[in-house]
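In case you want the letters, here they are:
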Amino acid sequence: MPRSASKTSKKRTQPDSVTSSATDPVPSASSKKKSCKEMDATDQLFYKYANTSSGVIDPEGIEKLCSSLKVPHTDIRILMLAWRMKAARQGYFTKAEWRIALTALKADTINKLKKALPELEKEVRKPLNFRDFYAYAFKYCLTEERQRILEIETICKLLDMVLGSTFRAQVDYFVNYLNNQKEYKAIDMDQWMGFYRFCNEISFPDMINYNLEHSWPCILDNFFEWMRSKQA
Amino acid sequence: MEPKIIDFEQGWDYIETGITALKRHSESLPVPKFTLEQYCDLYTAVYKMCVQKSPYDFSSQLYQKCCETMEEYMNSTVLPALNEKLGDEYMLLRELVERWSNYKVLVRALSHIFFYLQRFFIVRESLPSIETVGMGYFRDLVYNKLQSKVREAVLALVDKEREGEDIDRKVTKRVLEFYIEIGMERYEQDFESFMLKDTASYYSRKASSWIQEDDSINDYIFKSEQCLQKEKERVSHYLHFSSEPKLVKVVEHELFVVHENQILEKTHAEKQIGLGPLAKIFKQHVEDTTINAKEQVLIRKVIELHEVYMVTECFQSHTLFHKDLKRAVAGSDALLATFCDRIILKKWGSEELSEEDIEKVVMFLAYISDEKDIFAEFYRKKLALRLLLNRGVSDDHERSILTKLKQQNRGQFTFKMERMINDLTLSRENQNSFKEYVAKPGIGLTVTVLTSGIWPSYKTFGINLPNEMVKCVEVFKEFYETKTKGRKLTWIHSLGTCHVNGKFDQKSIELIVSTHQAVVLLLFNTKDKLSYNDIQTQLNVGHEDLVWLLYSLSCGKYKILIKEPATETVSRTDVFEFNSKFTARMCRVKIPLPHVNDKKKVIEDVDKDRRYAIDATIVRIMKGKKALGLQQLVSECVQQLNQMFKPDIKTIKMRIEDLITRDYLERDRENPNMFRYLA
C-alpha cells in the first residue's frame, strides 16, 4: 500500500508535519505530540481496514488485514491478535480494541505489526497465558447472545487451529472420536477446558494415568473408552 | 552408462542362496546371523530385476518363484517333520508350534525382501500378498490335513489335566493361539465346539457317578464348585477368553441342572448349605420367561429352603444365599413382579396357594430384588390393574402383603401403593353417595377417582362422547363438586368399561367393552353403515387410536362390525357396518383390546425418576456443603439413595454436568476435582 509505505519512510526521516487525517494536526514537537502522532498512525491504520459506515473493522476488513499481513484467514495468529485486544465479537475489531493490541505490540504500521506477530505468538504460548487464550478461543466463537455451546464442527476446526501444533495426536484422535460418536452434538466450556487439561495431564496415547472415577467430563470418559476399544 | 542387465537365472540363483540362509536362520540353526546388509542386498537384487526394462522385467517370475519357494518349503520340510511326530500327541503339538513360529519368520522375511514386488506389481495386478499366500499354504497343507489330530491331542491333554495330571500348558496355549491365528471361526468350529462336547460328556459321567456314590450334598457341591473354578483357570491358562461363558454354562448344566431334582431333594433332606447351585438352577429357570408348573414346584422348593435359613442362626449362610441368589436373578424384576401378580391372583396351575404362601413368596421376591425401585414400579403397575379391573382379590389381602413388604423394605417402597388402595376404598364410599345423589335411576355409572401422581400414569385419548355419556359425566362432575371443591377431573376412558346391549338378529347379547369401544358402537345406533372418515370426523380420534379400536371390533375373534373390504388391517378407505347377524353361545361377551407391552415404558419411567432423584440429592448435598470434591459427592449420593437403587458413578457424573449447564453448580477454577454450589 503506497500510502502507508510513504508514511513509513516519512517516519524514518523524522517528520515534523502530519499528513491530513481525521485527527487535528498538532504543531508542537513535544513527546506528547509524538505519542499523538503514533496514535494517529495507529488510528490511520485502523481506518484503512474499517468499514466506513459502521466505524469498526468487519469480517471483510479482517480478510484485507490478513492479506496485508500475508497470513491465512484462518491462521491462529489472528485469533491471538483478537485475544490480545480482548475483542468482544467474533469477526469485528473496534477502534479501542485495535489500539489496545497495537499499543501493546508497539506497532503502528502494517510491517511493524507483521514483525510483531512472532513475538505475540511467543507471548501467547507462555503456559499462564495459553490457558487463558484457549478459553478465549471458545468464547470468541459464541456468536449468539446467551449461547453456551459450540457445534461439533466448529469445535473440530477450533481444536485443530488452537492445539494442532502442540498436541497433534490428541487432537487428531479426539476429532475422529467426535465425528464418529452420536451422543454429543455440541460442546460446552467445561468440556472444552477439560480437553485442555487432558492434553496437559494425561500421557498419550497410552493414557495409563487416566481414571474414570476422577472428575473428567463424561465426554472424555467416553473418549477414553473409545480409545481403549480401538487399542484392544 | 547403462546398468548391467541381470538375467533371470543368475538373479534368481543369487536370491535363492539368500533364501536358503534365511530358512536356516528361521529355524534357529547355528548359522552366522542374517545381517541387515544381506537383507539389503537381496532387496536390491529384487528391485533391480523388477525395474529392468522389458523383456527383462522379471516381476511376475519373481512372484511365481517366491510362492513356489514357500510351497516347496512346506512340502519338503514342514510336512515331513510333522508327519514324523504323528505317533506321539505331545510331540506333534510341540513340533507344530515350533514349525508354525519358524514359518512365520520365514514368510515375513520373504515379504520384506520382495517388498518392492508388493508395492507395485502385486498391487497393480491385484494379487494376494506374499504373506497371504504363505499363510494360505500353511492352512491348506498343514492345518486342513492335521487339525483334527491336533485337536484330539489337545483334548486328550485337557482331560489329563482334569484328572489331575500336569500338562505342558505353554504348548497347549501356543497351539490354541495358532488356531486363532488361522481364524477365529476355525477356533470356534474346529476346536471349541468339540471341546465343549467333550467337556459335557466328561462332566456328565462325573455327575452321575458322584450322585450315585451317595455323597452328602455338601461334598457334591464342593466338588462341583472346584471343577468350575478349575475350568475357569483353564480358560485363563490357554483357552480364548470368549470360551469362558460357554464352558461355564456347559459345566453348570451337567453338574447342576441335569440332576437338579436330586440335588434339591438331597439338600432338603439333609438341610445342608448348598446355595450356589440352587441359585444357578433358579437363575436358569427365571431366565425362561414363561413360568410353568414345573418351575412353580421348583421355586416353591427354593423358597422353603430360604425359610429354613431364615430360621436358623446361621447368619453366614443367610447372607451368602442372598448374595448368590441376588446375582442369579439380577435383571428379572419384571419377571418377579409378574410372578407376584400370578401368585396373588392364584393363577397357578391347579394348586391353591394359601394366603401365607402368597405372602412368603412376595416378600422373598421383593427381598432378593436388587433394584427395588424397578421391582416396586412393576409391582405398582400390576397392583393398579388388579385394583381397577376388579380381579377379585380382597383389599385386606393386598394390604396385608403391602404391610409385609413395608416391614422388609424401609423407605418409600409402599407409600404410593397404600394410597392406591385407599383411593379405591374412598371411591367405593363415594359411589354410594353418588347413587343417592342421582336419585332417579337411569344412569348406570360407576366412577373410580384416582389421585394423580399416586397411580401409574395412563395414556388416554380424547373422544367425542355421545349425548348419553356426556350427561353422565356432567352429573358426576356436579356431584363431585359438592364433595370437594377445586379439583380437576381428567377422564381416563381407556380404563373404563361399558356394558352395551347388542340387539342382534338371533338374540340380544351383552357386550363388555372399553368406553372408547362403546362410543364407536353407539354411533351405529343412528346409522347402519359408516365409513372410516365418518367415524373419525364424528369422534375426533387420532388415526392410530381409531385403527386400534376398529380393529378390535371388526377383525378380532368377535366381529361386531363388518369391515369392507374384509382385509386383515384397518385402512382409511374402509367402510363399517353393524353386524346384525352376529351371535355367540354366551349371552355376555367380552371384546378385548390388544394390549401394548409396557415393560420398556416402565423402565423408561423409572430411569426418569432416578434422574430426578439423583439431581435432587446432589443439589441437596451441595446446598449444605457449598463445595465438595467429586469422590465425596459421589459417596454421599450413593449413601442417600442406597435404599432404592445404586447409582453408578457415570450416571452421577452426567447429572453433575447437567446441573452445571443449568447453573446449579460450577467446577472450581483452581481445583477441577471440586464443585461449588451456585446460589
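In this numbering scheme, every chain counts its residues from 1 along its sequence in written order. Lettering for chains starts from A, numbering for ligands starts from 1, and both go in the order in which the items are written. Whole-chain, interface and lining totals are the exception, using all residues; otherwise, since this is a predicted model, local features are given only for residues with pLDDT of at least 70 and side-chain atom pairs are given and counted only at 80 or more. Neither water nor hydrogens contribute to the side-chain values; these are computed over all heavy atoms in the structure.

### Points about the overall build of chain B
Now for step 1: Working definition: helices are DSSP H or I runs of at least four residues, strands are E runs of at least two. Numbering for both runs from the N terminus. The helix and strand tally for chain B stands at 26 helices and 9 strands.
Now for step 2: Each residue gets one of three labels from its accessible area relative to the maximum for its type: buried under 20%, exposed over 50%, partly exposed in between, using a 1.4 Å probe on protein chains only. Here chain B holds 679 residues, and the buried ones make up 44% of them.
Now for step 3: For this analysis, residues touch if any pair of their heavy atoms sits within 4.5 Å. Nonlocal contacts in chain B, meaning residues at least 24 apart in sequence, comprise 69% of its contacts between residues at least 6 apart.
Now for step 4: Methods summary: accessible areas were calculated by the Shrake-Rupley approach with a probe of 1.4 Å, and residue burial reflects only the protein chains presented. When the accessible surface of chain B is split by element, carbon and sulfur atoms take 52% of a total near 36,800 Å².

### A short note on the interface of chain B and chain A
Now for step 1: Contact residues are listed per partner, giving 15 residues for chain B and 16 residues for chain A.
Now for step 2: We define buried area as the total accessible area lost by two parts upon association, computed with a 1.4 Å probe and summed across both. Of the roughly 1,300 Å² buried between chain B and chain A, counting both surfaces, carbon and sulfur atoms make up 40%.
Now for step 3: Looking at the side of chain B facing chain A, the largest losses of area belong to B:Lys653, B:Glu657 and B:Arg667, adding up to 36% of the total buried there.
Now for step 4: One side-chain nitrogen of Lys or Arg within 4 Å of one carboxyl oxygen of Asp or Glu is enough to make a salt bridge. Where chain B packs against chain A, one counts 4 salt bridges.
Now for step 5: Between B:Asp663 and A:Arg148 there is a salt bridge whose closest N-O contact spans 3.1 Å.
Now for step 6: Polar contacts here mean pairs of N or O atoms no more than 3.5 Å apart (in protein, one a potential hydrogen donor and the other a potential acceptor; neighbouring residues in sequence count only if both atoms are side-chain atoms). At the junction of chain B with chain A, the criterion picks out 13 residue pairs in polar contact (both at pLDDT 80 or more).
Now for step 7: Counting only elements with at least two residues in the side of chain B that touches chain A, the list comes to α25 (630-641) and α26 (649-661) of chain B.

### A closer look at the packing of aromatic side chains
Now for step 1: Two rings from Phe, Tyr or Trp (for Trp, the six-membered ring) form a pair when their centres sit within 6.5 Å of each other. Planes less than 30 degrees apart are called stacked, planes more than 60 degrees apart edge-to-face, and all others tilted. According to the stated counting rule, one finds 50 aromatic pairs over all chains in the structure shown.
Now for step 2: Among the aromatic residues, those joined into a ring-pair cluster are A:Tyr173, A:Phe174, A:Tyr177, A:Phe195, A:Phe198, A:Phe204, A:Tyr210, A:Trp216, A:Phe223, A:Phe224 and A:Trp226.
Now for step 3: If you follow A:Arg197 out to its NZ or CZ, it ends over the ring of A:Trp216, 4.1 Å from the centre.
Now for step 4: One cation-aromatic arrangement involves B:Lys197 over B:Phe194; the distance from NZ or CZ to the ring centre is 5.0 Å. For a ring to carry a charge above it, either NZ of a lysine or CZ of an arginine must fall within 6 Å of the ring centroid while also lying within 35 degrees of the normal to the ring plane.

### What about the nonpolar core?
Residues and elements named next belong to chain A.
Now for step 1: Put simply, a nonpolar core is a bunch of buried Ala, Val, Leu, Ile, Met, Phe, Trp, Tyr and Cys residues held in one set by side-chain atoms that sit within 4.5 Å of each other. Of all hydrophobic cores here, the largest spans 74 residues; its most connected members are Phe93, Trp98, Leu113, Leu163, Trp192, Phe195 and Phe198.
Now for step 2: Ranked by residues supplied to this core, first place goes to helix α7 (residues 127-140) with 8 residues.
Now for step 3: The residue makeup of this core includes at least three contributed by each of domain 1 (31-125) and domain 2 (132-231).
Now for step 4: With residues near it in sequence (within four places) discarded, Trp98 still touches Thr42, Leu45, Phe46, Tyr49, Ile57, Leu65, Met85, Phe93 and Leu113. Either an automatic procedure or a domain database provided the assignment from which the domain bounds are taken.

### A short note on the layout of surface pockets
Now for step 1: Considering only enclosed or pocket space, the second largest pocket measures out at about 680 Å³ in volume.
Now for step 2: Lining the second largest pocket are 28 residues; nearest its centre among them are A:Met189, A:Asp190, A:Met193, B:Arg667 and B:Arg669.
Now for step 3: Among the elements of the structure, α7 and α10 (189-201) of chain A together with α26 and β8 (665-667) of chain B are those that each provide at least two residues to the lining of the second largest pocket.
Now for step 4: For the lining of the second largest pocket, the leading source of residues is α10(A), giving 8 residues.
Now for step 5: When the residues that make up the lining of the second largest pocket are grouped by side-chain class, the tally is 12 nonpolar, 3 polar and 13 charged. The method works on a 1 Å grid over the protein atoms by themselves. A cavity is a set of points holding a 1.4 Å probe that cannot get out, a pocket is an open set with protein on both sides within 12 Å along at least five of seven lines, and residues with an atom within 4 Å of a point line them. Grid points are joined across faces, edges and corners, and a volume is the space filled by probe spheres set on the points. Ten residue types, Ala, Val, Leu, Ile, Met, Phe, Trp, Tyr, Cys and Pro, are classed as nonpolar, four, Asp, Glu, Lys and Arg, as charged, and the remainder, Gly among them, as polar.

### Quick notes on the confidence of the model for chain A
Now for step 1: Per-residue confidence for chain A gives a mean pLDDT of 82, with 83% of residues at or over 70.
Now for step 2: What pLDDT conveys is the predictor's confidence in a given residue, as a value from 0 to 100. Every residue in residues 1-34 of chain A scores below 50 in pLDDT, and together they form 23 contacts with partners more than four places removed in sequence or on other chains.

### As for the sheet that holds strand β9 (residues 674-677) of chain B
Two orientations exist for strands paired in a sheet by backbone hydrogen bonds: parallel and antiparallel.
Residues and elements named next belong to chain B.
Now for step 1: A pair of strands counts as paired when DSSP detects no fewer than two bridges linking them. Spatially, 3 strands are ordered β7-β9-β8 in an open sheet, and the strand pairing comes out antiparallel. Looking at which strands have only one partner, the edges of the open sheet turn out to be β7 (627-629) and β8. For this sheet the average axis-to-axis angle between neighbouring strands, irrespective of direction, equals 25 degrees.
Now for step 2: As judged from the 3 bridges shared by β7 and β9, these two strands associate in the antiparallel manner. In the sheet register, Gly629 faces β9, and the bridge partner there is Met674.
Now for step 3: Angles shown run from 0 to 180 degrees and are taken between the N-to-C directions of axes, each axis being a line fitted to C-alpha atoms and, for helices, limited to the stretch in contact. Against the sheet, α26 contacts β8 and β9, and its axis sits at roughly 105 degrees relative to β8.

### Considering the pairing of strand β5 (residues 575-578) of chain B
All names here are of chain B.
Now for step 1: Both strand β3 (residues 529-531) and β5 contribute to a ladder of 3 bridges, which runs antiparallel. Along β5, the bridge assignment pairs Lys529 with Glu577.
Now for step 2: Taken together, the 4 bridges between strand β4 (residues 561-564) and β5 define a ladder with antiparallel strand orientation. Paired with Glu564 across the strands is Val575, a residue of β5.

### Some details on helix α21 (residues 515-523) of chain B
An α-helix turns once per 3.6 residues; consequently, residues spaced three or four apart project the same way.
Now for step 1: The buried fraction of α21(B) is high, at 8 of 9 residues.
Now for step 2: Residues B:Thr515, B:His516, B:Gln517, B:Ala518, B:Val519, B:Val520, B:Leu521 and B:Leu523 constitute the buried set of α21(B).

### Observations concerning the packing of helix α8 (residues 152-163) of chain A against helix α9 (residues 168-180) of chain A
Residue and element names in this part refer to chain A.
Now for step 1: Interhelical geometry of α8 versus α9 gives an angle of 175 degrees and a closest axis separation of 10 Å. The orientation of α8 relative to α9 falls into the category roughly antiparallel. Together, Ile152, Ile155, Cys156, Leu159, Asp160 and Leu163 of α8 and Arg168, Val171, Phe174, Val175, Leu178 and Asn179 of α9 make up the contact between the two elements.
Now for step 2: Considered class by class, the residues forming the contact of α8 with α9 number 9 nonpolar, 1 polar and 2 charged. Should an angle fall under 35 degrees it is called roughly parallel, over 145 degrees roughly antiparallel, and 65 to 115 degrees roughly perpendicular, with every other angle called oblique.

### Description of the sheet that holds strand β6 (residues 588-590) of chain B
Residue and element names in this part refer to chain B.
Now for step 1: If you trace the 3 strands from one edge of the open sheet to the other, you get β1-β2-β6, paired in mixed fashion. The open sheet terminates on both sides in strands that have one partner only, identified here as β1 (497-503) and β6. The average undirected angle you get between the axes of adjacent strands in this sheet is 25 degrees.
Now for step 2: Docked against the sheet, α21 engages β1 and β2 (508-514), running at close to 130 degrees with respect to β2.

### Let's talk about the pattern of salt bridges
Now for step 1: Here the structure, examined in full by the defined rule, presents 39 salt bridges over all chains.
Now for step 2: Between A:Asp43 and A:Arg99 there is a salt bridge, with the nearest N and O atoms lying 3.1 Å from each other. Within this pair, whereas A:Asp43 is found in helix α2 (residues 31-49), its partner A:Arg99 is found in helix α5 (residues 95-105), the two being separated by 56 residues in sequence.
Now for step 3: Judged by relative accessible area, which is 26%, A:Arg99 ranks as partly exposed.
Now for step 4: A salt bridge links B:Glu161 to B:Arg234; the shortest N-O distance between them is 2.9 Å. One end of the pair, B:Glu161, is in helix α6 (residues 130-162); the other, B:Arg234, is in helix α9 (residues 217-237), with 73 residues separating them in the sequence. In terms of burial, B:Glu161 and B:Arg234 fall into one category: buried.
Now for step 5: Because the salt bridges share partners, they merge into one network encompassing B:Asp159, B:Glu161, B:Arg162, B:Arg169, B:Asp198, B:Glu231 and B:Arg234.

### Some remarks on unusual backbone geometry
Now for step 1: With an omega dihedral of 5 degrees, the bond running from B:Ser54 to B:Pro55 counts as a cis peptide bond.
Now for step 2: By the element assignment, B:Pro55 lies in the loop between α2 (36-51) and α3 (59-84).
Now for step 3: A cis amide bond links B:Glu564 to the next residue, B:Pro565, at an omega of -5 degrees.
Now for step 4: In this model, A:Met207 sits at a positive phi of 50 degrees, which is unusual for a non-glycine residue.

### Overview of the side chain of B:Gln431
Now for step 1: Positionally, B:Gln431 belongs in helix α19 (residues 415-438).
Now for step 2: If we skip the residues at most four places from it in the chain, B:Gln431 touches B:Leu445, B:Thr446 and B:Val447.

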